[in-house]
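What the coordinates show
Below, each chain spelled out in residue letters.
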Amino acid sequence: MTNESWFGWVVAACVVALTIAGGAWIVSTGPSSETAATPSAHPATPVGYDPRFVRYAEHDQDVVVIVAAAPGKLEVVAAPSNSADLPPEDVAVAVDSQPLEPLADCGWNCVAGEAPVLRGDPSFVGVEVRRSGRRPARVAVALPAKLPPSGGVLYRALQRRMRAIRTVRVDERLSNGTSRIRTRFAFRAPNRMRYAINTGVKAVVIGDRRWDYAGGRWQAAPTEPIRSPAYIWAGARRPWFLGRERLDGRSVRVLSLFRDEPRFPAWFRLTVDDRDRVVQAEMLSVGHFMVDRLSGFGEPVTIVPPR
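What follows covers the overall build of the protein. In terms of helices and strands, the protein carries two helices and 20 strands. Buried residues in the protein amount to 53% of all 307 residues. Surface accessibility of the protein: about 14,000 Å² in total, with carbon and sulfur atoms responsible for 50%.

Now the structure itself:
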């Protein structure tokens, strides 16, 4: 099992948990895993492919909106959790409260246009997504005055630092826009992981064996080994440095990333401390809104076969 595909395996469990909680979560689970439902045949979103564009994302209800901006240009993709087609006329875009018109169709659920952004003044992009029988989904994205600097140096540094960490704990909040679950992970190098979801789902992985808790008892099965610790932003690219902010009273750096998986494009916002450790990771994708808090770097973690 690759460093990326552990994520798909865990997502499959989370799909079940969210469904039980009352949400119909339809999502592709990653590059090496099976999907929870038949994926859409739509082409990949175009915002993933032009390196000149900086990407931002927000969500409302079950709709994720990805805004890609370059000086004078905008591309906006709006994707509901069921990957339904949205006619271009059902997506309205405004910059600083002024409607952006005309908008061109730039692919599946994508509209694009010339816009007064990243040309010396900060701006706000508002997006409204209209769907029959539901209230509109609305998001607002703040854009800086100009393109932010590349985050390549910081991304390489944090990748080196996070790969060197032997143990880490992750507290995760995950939503599909209607239901929410919480999961606690523990990772120990080189190939041990355990997690417990607040719905009662839990599992342990050690080497080529895994144990799943079901029906009041643990059930063992073979599996492909994972590489541990593993992180949700594996495979993401195109880093941009978004500046500094404060988290829990300390100064941190903020990095954005994008993973252009054709069936599971994802936007990430990483919060990095001054030791190049990721202390918070946010992910927005189709029907998948996640916040991870990372802690316990290098602290003792016991992961043994359950009894």
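Moving on from the model shown.
This part is about the sheet that holds strand 13 (residues 202–206). Strand order in this open sheet of eleven strands is 15-14-13-12-11-10-20-19-18-17-16, and the pairing throughout is antiparallel. At either end of the open sheet lies a strand with only one pairing partner, and these are strand 15 (217–222) and strand 16 (237–247). Pairs of neighbouring strands in the sheet enclose a mean axial angle of 15°, with direction left out of account. The pairing of strand 13 with strand 14 (residues 209–214) spans four bridges and is classified as antiparallel. Residue pairing across strands places Ile 206 opposite Arg 209, the latter belonging to strand 14.

Empty space among the atoms becomes visible once a probe the size of a water molecule is rolled across them. Under the criterion given, the structure shown has three cavities of 30 Å³ or more. Estimated volume of the largest cavity: approximately 50 Å³. Here the lining of the largest cavity is built from residues that sort into nine nonpolar, no polar and two charged.

Another point: the layout of surface pockets. By volume, the largest pocket is sized at about 520 Å³. Around the largest pocket, the lining is made up of 31 residues, and of these Glu 58, Trp 267, Arg 269, Glu 282 and Leu 284 lie nearest the centre. When residues of the lining of the largest pocket are traced back to their parent elements, those giving at least two are strand 1 (54–60), strand 9 (134–143), strand 10 (167–175), strand 11 (180–188), strand 16, strand 18 (266–272), strand 19 (278–285) and strand 20 (288–295). Considering each element in turn, the lining of the largest pocket owes the most residues, five residues, to strand 16. Taken together, the residues of the lining of the largest pocket break down into 17 nonpolar, five polar and nine charged.

It is worth spelling out the pattern of salt bridges at this point. Taken as a whole, this structure holds 16 salt bridges when the rule is applied. For Arg 237, the salt bridge is made with Asp 260, and the minimal N-O distance between the two is 2.7 Å. Linking Arg 237 in strand 16 with Asp 260 in the loop between strand 17 (250–259) and strand 18, this pair joins segments that are 23 residues apart in sequence. Judged by its relative accessible area of 14%, Asp 260 falls in the buried class. Where Asp 274 meets Arg 253, a salt bridge forms, and the shortest distance between an N and an O atom there is 3.9 Å. Residue Asp 274 is found in the loop between strand 18 and strand 19, and its partner Arg 253 is found in strand 17; the two are separated by 21 residues along the sequence. Judged by relative accessible area, which is 52%, Asp 274 ranks as exposed. Here the salt bridges share partners, and the residues they tie into one network are Arg 244, Arg 253, Asp 274 and Asp 276.

Reading guide: rules and limits
Here the residue numbering is sequential within each chain, running from 1 through the sequence in written order. It should be noted that, the model being predicted, local features are given only for residues of pLDDT at least 70 and side-chain atom pairs only at 80 or more, the latter also being counted only at that level, while totals for whole chains, interfaces and linings use all residues. The basis for every side-chain value is the complete set of non-hydrogen atoms in the structure, without hydrogens or water. Secondary structure counts use DSSP, requiring at least four H or I residues in a row for a helix and at least two E residues in a row for a strand, with both numbered from the N terminus. Any residue under 20% of the maximum accessible area for its type is buried, any over 50% is exposed, and the rest in between are partly exposed; the area is computed with a 1.4 Å probe on protein chains only. The method behind every accessible area is Shrake-Rupley, applied with a 1.4 Å probe, and residues are considered shielded solely by the protein chains displayed. Should DSSP find at least two bridges between two strands, the strands are taken to pair. Angles shown run from 0 to 180 degrees and are taken between the N-to-C directions of axes, each axis being a line fitted to C-alpha atoms and, for helices, limited to the stretch in contact. In this analysis, the protein atoms alone were mapped onto a 1 Å grid. Cavities are point sets where a 1.4 Å probe fits without being able to get out; pockets are open sets with protein on both sides within 12 Å along at least five of seven lines; lining residues have an atom within 4 Å of a point. Grid points are joined across faces, edges and corners, and a volume is the space filled by probe spheres set on the points. Any residue outside Ala, Val, Leu, Ile, Met, Phe, Trp, Tyr, Cys, Pro, Asp, Glu, Lys and Arg is labelled polar, Gly included; the first ten of those are nonpolar and the last four are charged. When a carboxyl oxygen of Asp or Glu is within 4 Å of a side-chain nitrogen of Lys or Arg, the pair counts as a salt bridge.

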